[in-house]
Amino acid sequence: MHLGALFIASHVLTSGSVRETARRFQLSPSTVSTAIHNLETELAMKLTERSSGELATLIASGRVLEGLEPIMAAIAELGQWAGHDEIDGAWASRIPVKIVTMERFLEVADQGSINRAARRLRLGQPQLSLQLANLEKFLRHRLFERQAQGSVLTEEGRRAYQIFMAISQAWNDLKSSADERYRRTVRSLRIGSIIPTGSESWVARCLGTLVSEWNVRRNNNAISLVSMTADDLREALKSGRIDVAILDSVFGLESFRHRELLQTDMVVIAPPDSTETSVADLVAGHPICMPSPRTGLGHAAMAFSCERAPNRRLRGQDITAADSLPVIVDLVANHGYVSFLGRVSAMPIADKVRIVDLDEHLPMSYHVAFNHRKAAADACDLLIATAAKIVPPPVAQNAVFT
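The rules behind the values
Residues numbered from 1 in each chain as written. Predicted model: local features only at pLDDT ≥ 70, side-chain atom pairs only at ≥ 80, totals over all residues. Heavy atoms only, no water. Helix = DSSP H or I, 4+ residues; strand = E, 2+ residues; numbered from the N terminus. Buried < 20%, exposed > 50% of the residue type's maximum accessible area, 1.4 Å probe, protein only. Contact = heavy atoms within 4.5 Å. Areas by Shrake-Rupley, 256 points an atom, 1.4 Å probe, with all protein chains shown as cover. Salt bridge = Lys/Arg side-chain N within 4 Å of Asp/Glu carboxyl O. Axes fitted to C-alpha atoms, helices over the stretch in contact; angles between N-to-C directions. Left-handed = near helix turned anticlockwise from the far one by under 90°. Nonpolar A, V, L, I, M, F, W, Y, C, P; charged D, E, K, R; others polar. Core = buried A, V, L, I, M, F, W, Y, C linked by side-chain atoms within 4.5 Å. Phe/Tyr/Trp six-rings, centres within 6.5 Å; stacked < 30°, edge-to-face > 60°. Parallel < 35°, antiparallel > 145°, perpendicular 65-115°, else oblique.

So, the overall build of the protein chain
Logical step 1: Across its full length, the protein chain holds 16 helices and 13 strands.
Logical step 2: Out of the 402 residues belonging to the protein chain, those deemed buried represent 49%.
Logical step 3: Long-range pairs, those at least 24 residues apart, make up 71% of the contacts in the protein chain between residues at least 6 apart in sequence.
Logical step 4: Entry remark: accessible area of the protein chain is about 19,800 Å², with carbon and sulfur atoms responsible for 50%.

So, the pattern of salt bridges
Two side chains with opposite charge may pair up if their charged atoms get near one another.
Logical step 1: Inspection of the entire model under this criterion finds 14 salt bridges.
Logical step 2: As a salt-bridge pair, Glu 40 and Lys 46 come within 3.9 Å of each other at their nearest N and O atoms.
Logical step 3: For Glu 77, the salt bridge goes to Arg 159, with nearest N and O atoms at 3.8 Å. Within this pair, whereas Glu 77 is found in helix α4 (residues 60–81), its partner Arg 159 is found in helix α9 (residues 155–187), the two being separated by 82 residues in sequence.
Logical step 4: In the salt-bridge network here, residues are joined through shared partners; they are Arg 190, Asp 243 and Arg 373.

What about the packing of helix α2 (residues 18–25) against helix α3 (residues 29–43)?
Packed helices, taken two at a time, are described by the angle between their axes plus the distance between the axes.
Logical step 1: Interhelical geometry of α2 versus α3 gives an angle of 120 degrees and a closest axis separation of 9 Å. Handedness of the α2/α3 crossing: right-handed. On α3, the residues that touch Val 18, Arg 19, Thr 21 and Ala 22 of α2 are Pro 29, Val 32 and Ser 33.
Logical step 2: Partitioning the contact of α2 with α3 into residue classes produces four nonpolar, two polar and one charged.

Some words on the nonpolar core
Logical step 1: Counting 70 residues, the largest nonpolar core has Trp 202, Leu 261 and Leu 383 as the members making the most contacts within it.
Logical step 2: With 10 residues, helix α16 (residues 374–390) is the single largest residue contributor to this core.
Logical step 3: Dropping the residues within four chain positions of it, Trp 202 is found in contact with Ile 246, Leu 261, Leu 262, Val 344, Ser 345, Tyr 366, Ile 390 and Val 391.
Logical step 4: Residues Ala 60, Ile 71, Ile 114 and Leu 128 belong to the second largest nonpolar core, which totals 59 residues.

A word on the packing of aromatic side chains
Logical step 1: Per the stated rule, a full pass over the model turns up five aromatic pairs.
Logical step 2: Aromatic side chains Phe 7 and Phe 25 sit 5.4 Å apart centroid to centroid with 55 degrees between the ring planes, which places their arrangement in the tilted category. Of this pair, Phe 7 sits in helix α1 (residues 3–15) while Phe 25 sits in helix α2; the two residues are 18 residues apart in sequence, bridging distant segments of the chain. Just as Phe 7 is buried, Phe 25 falls in that class too.

Description of the packing of α1 against α2
Logical step 1: Orientation of α1 relative to α2, taken along the N-to-C sense of each, is 130 degrees, at an axis distance of 8 Å. Viewed along their axes, α1 and α2 adopt a mutual orientation that is oblique. Considering only the axes of α1 and α2, their crossing is right-handed. Every residue of α2 that contacts α1 at Phe 7, Ile 8, His 11, Val 12 and Ser 15 is listed here: Val 18, Glu 20, Thr 21, Arg 24 and Phe 25.
Logical step 2: Among the residues making up the contact of α1 with α2, the classes are represented as five nonpolar, three polar and two charged.

This is a description of form; function is not addressed.
In C-alpha cells form, the structure reads like this:
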C-alpha cells in the first residue's frame, strides 16, 4: 500500500465522494476508486458501497478513519519536512513510498547495517540499498551515513525514523484488527437466505434449528447469518461472501452446486376482512404490494401478472414493490393490500391474512445453493432435513445434487 493511496482513501471516506476527491487532487476517478478498493482489500472489510449511483460510506469506515488519523498527521509532517505545504493534497496523493519500504528503512536503522537488515528481511543487499537510495531521492534528504561499522542515521534520518515509526505502528494496528477479522471469517460458515416473513416463517425456523443443532454438535465452524434478495444472494455466493444460500428461485444457479429444498405453489394473501373470492376481484378492489423482481417470488409474481392476468392493473400498474416481506405482510393484514406468496410462506401467517388460491396452479420451488466447503454441504443436508420436518410432504421434498 502506498502512502499516497492511503491519503486518497482517507479523503474519500471523509468526503464520501470519489469524483470530488478526483477533482480536488487532479486524479482520474479510476485511480481514486483503486485506492479505496486496495484499502478495503488490505483491511478485509467493506468501507463503501454504491447506492443509486452514489457512493455511500458504511459504519465501519468511521473506525478506519480514526485509525488513519495518525497516518494522515505523519503524512502532513512528512510534507513539511520534504518542503511541501502540509495541506498540499496534490503532492500527498502522489507519494509513491510503500509502507513496506518504510518498514525496511526502520529495520536498517534498528540493525545499524544494511547487510544485517537484508539477511533478516531475506532480501538481496543491492535491492535493499537501491530502495533506500530511492527513498532518499524522493525525500531530498540523506538518511544514513555509511561507515565502516555499518549505517548510522543522520539528523534527517532520525526525523524520518520518527515519522515512519508512527505510520508503521498505526498501520499495524489497523492490520491486526483486519487479520483477526479474516481469521474469524475463515472459521465461520456464512449463510444467506431470502428474507423471511417473520419469526414464525419456515425460513426463520429452518435457520434457527440449523444454528441450534450446529452448535450442539460443537462444530468448529461458527455460523453467521444474513438475509438478502435472491439477486444479492447469487452475487454474494459468486463472490465468496457467503457459503450457503437459501433462494426462492432456481434461476441463475446453473454454475453452483444446489439442491431443491421444498416445493409449493403461489397463492394470493388478502386482508382478513376481505370478501372477494377471485383474484380479479381482489386486484380490482385493493392496492397491490408484492416483492420486487429482484426476488425469486417477485419475479414469478410479475411473470404471472404479465402472462396470465386479464386485468391490466395487475400487469404492472399501481403496484408497490417491496423487498421486505414483514412489511408486505403488515400491509396486507392491517392496511387493505393484497400480495402474492408461496403457500409454504403463507400458511404460518394464516391467522393474520386470508389465503386465496389462484385460478390455476402455479408451482414454485425453493433451493439451497452452496460452495465447495464440506461445512457448506453439511449445512445444506441439515437444512433439507429440517425443512422436511417443518413442512410435511409432499410440500418438502429432498432432491438429488444438480
